[in-house]
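What follows is each chain in one-letter form.
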Amino acid sequence: MVLGVTLVVGVIIGFAVRRRDGKVRAVKQVVSDARAVVTSDDLGVELGERVTLVQFSTAFCQPCRATRRILHDVAEMVPGVRHVEIDAESRLDLVRRFDVMRTPTVLVVDVAGNVVKRASGLPRKADVIAAVGVAVDGPSHESSHQSDSV
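This structure is a prediction, so every number in the text was calculated from the model and none was measured. (Residues numbered from 1 in each chain as written. Predicted model: local features only at pLDDT ≥ 70, side-chain atom pairs only at ≥ 80, totals over all residues. Heavy atoms only, no water.)

Enquirer: Which residues make up the pattern of salt bridges, and what values go with them?
Expert: Think of it this way: side chains of opposite charge can pair up when their charged atoms draw near. For the coordinates displayed, the defined rule picks out 5 salt bridges. When the shortest N-O distance is used, the salt bridge between R68 and E85 registers 2.7 Å. Of the two residues, R68 is situated in helix 3 (residues 62–77) and E85 in strand 3 (residues 81–87); the sequence distance between them amounts to 17 residues. (Salt bridge = Lys/Arg side-chain N within 4 Å of Asp/Glu carboxyl O. Helix = DSSP H or I, 4+ residues; strand = E, 2+ residues; numbered from the N terminus.)

What follows is the structure, given as structure tokens:
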């Protein structure tokens, strides 16, 4: 009986994790929290002219490689977008600050350094492009019937 309950709970958790994997979600802004702002000092390079895609990766993460290609393609395709990859193991300060629980984690950062969207897991290219659009236009242009994905 206990084994059956454990199995059912495990399956439910697995489905919940899989459903959220790679979804680009809005980030609730805490206006007074300066730690939530990404700066060029944090990244070691200047922020993008319009949007910065910050990717937290680890050396042996297979989905990180695919995420790198997707974000690189979007940065090449959309003017003013910069892709910055951060080694999560060497930047634990940023991992803790931005609550990165797994790799890849992608932060979509607007021109002011605010994290407006984030995804954990391999995001879809279309979702990243839509998130870039929201970061450029601001949240007032975001659809009112969106779920947690873009």
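Alright, that's what it looks like, and here's the rest.
Enquirer: Kindly report on the environment of A59, identifying the contributing residues and their values.
Expert: Counting through the fold element by element, A59 comes out in the loop between strand 2 (51–57) and helix 3. Each C-alpha atom of the pair A59 and E89 lies 8.6 Å from the other, and the pair is 30 residues apart in sequence. When sequence neighbours within four positions are dropped, the list of residues in contact with A59 reads R65 and E89. (Contact = heavy atoms within 4.5 Å.)

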